[in-house]
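This is what each chain is made of:
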Amino acid sequence: MADDRTLSARLPGPLGDLARRGHGGAALRLVREWGGTKRSVPGRLREPSPLVELIGAEAAAALIDICGPCRLDIPSRACLEDTLKAKVLLAEGTTREIAVATGATERYVRMTRNAGMPATWTRPRRAKPKDERQTDLVDWLSGTPSASK
């Protein structure tokens, strides 16, 4: 749903994840009702709770699955404004195409996109060719002479 995609780009953290899981309306209600405050998210779903009353049991269960028991900072309504950052995150194309389309610099586009990567994502490291003149640490510690000498 395009609305949930837009919300997920604008909402930070767990609320963006909630919108990506198809509960954009629930995330929006949280921002509108509790925006700018810190609220408790329980460890398990309890039916008579303010969270369930506000967003429903299904969305509350998804939020509990996303962030578990915690004190959640609900972002204020300012995060819903049409900002340059949201435009950059929603745009598709090369860095240069996005910079031209949004009016941002290419550097800003790169910085914004790199900051938006999931925490589990890491850049692959290039394997460096092994220097044959260098002794392996294991060989050096064990006293075994290097094969290259």
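Preceding this section is the structure that the text describes.
Only a predicted model underlies this, so the values are computations on that prediction, with no experimental measurement involved. (Residues numbered from 1 in each chain as written. Predicted model: local features only at pLDDT ≥ 70, side-chain atom pairs only at ≥ 80, totals over all residues. Heavy atoms only, no water.)

### Section: the overall build of the protein chain
1) Next: Looking only at helices and strands, the protein chain has nine helices and two strands in total.
2) Next: The linear arrangement of helices and strands in the protein chain, starting from the amino end, is α-α-α-β-α-α-β-α-α-α-α.
3) Next: Relative to its 149 residues, the protein chain shows a buried fraction of 29%.
4) Next: Summed over all atoms, the accessible surface of the protein chain reaches about 10,400 Å², with 52% contributed by carbon and sulfur. (Helix = DSSP H or I, 4+ residues; strand = E, 2+ residues; numbered from the N terminus. Buried < 20%, exposed > 50% of the residue type's maximum accessible area, 1.4 Å probe, protein only. Areas by Shrake-Rupley, 256 points an atom, 1.4 Å probe, with all protein chains shown as cover.)

### Considering a nonpolar patch on the surface
1) Next: A cluster of nonpolar side chains, contributed by Leu137, Trp140 and Leu141, occupies part of the molecular surface with about 420 Å² of accessible area.
2) Next: Summarising the element assignment, Trp140 is placed in helix α9 (residues 137-142).
3) Next: We classify Trp140 as exposed; its relative accessible area is 62%. (Patch = residues over 30% accessible without salt bridge, like charges linked within 9 Å, V, L, I, M, F, W, Y side chains within 5 Å. Salt bridge = Lys/Arg side-chain N within 4 Å of Asp/Glu carboxyl O.)

### Topic: the packing of helix α7 (residues 95-102) against helix α8 (residues 106-115)
1) Next: It is at 8 Å that the axes of α7 and α8 come closest, and there the two elements cross at 110°. The angle between α7 and α8 falls in the class roughly perpendicular. When you trace α7 past α8, the crossing you get is right-handed. Judged by residue contacts, Thr95, Arg96, Ile98 and Ala99 of α7 engage Glu106, Val109, Arg110 and Arg113 from α8.
2) Next: For the contact of α7 with α8, the per-class residue count stands at three nonpolar, one polar and four charged. (Axes fitted to C-alpha atoms, helices over the stretch in contact; angles between N-to-C directions. Parallel < 35°, antiparallel > 145°, perpendicular 65-115°, else oblique. Left-handed = near helix turned anticlockwise from the far one by under 90°. Contact = heavy atoms within 4.5 Å. Nonpolar A, V, L, I, M, F, W, Y, C, P; charged D, E, K, R; others polar.)

### Side note on helix α2 (residues 13-20)
1) Next: Within α2, burial applies to Leu15, Gly16, Leu18 and Ala19. The buried side chains of α2 occupy one side of the element, clustering within an arc of 155° when seen end-on.
2) Next: Just downstream of α2 lies Gly22, where phi reads positive at about 95°. (Arc of directions from axis to C-beta.)

### What to know about the pattern of salt bridges
When their charged atoms lie close together, side chains carrying opposite charge are able to pair.
1) Next: Per the counting criterion, the structure on display carries four salt bridges.
2) Next: A salt bridge links Asp65 to Arg21, with the nearest nitrogen and oxygen atoms 2.7 Å apart. With Asp65 in helix α5 (residues 57-67) and Arg21 in the loop between α2 and α3 (24-34), the pair connects residues that are 44 residues apart, well separated along the chain.
3) Next: Here Asp65 falls in the exposed class, since its relative accessible area comes to 54%.

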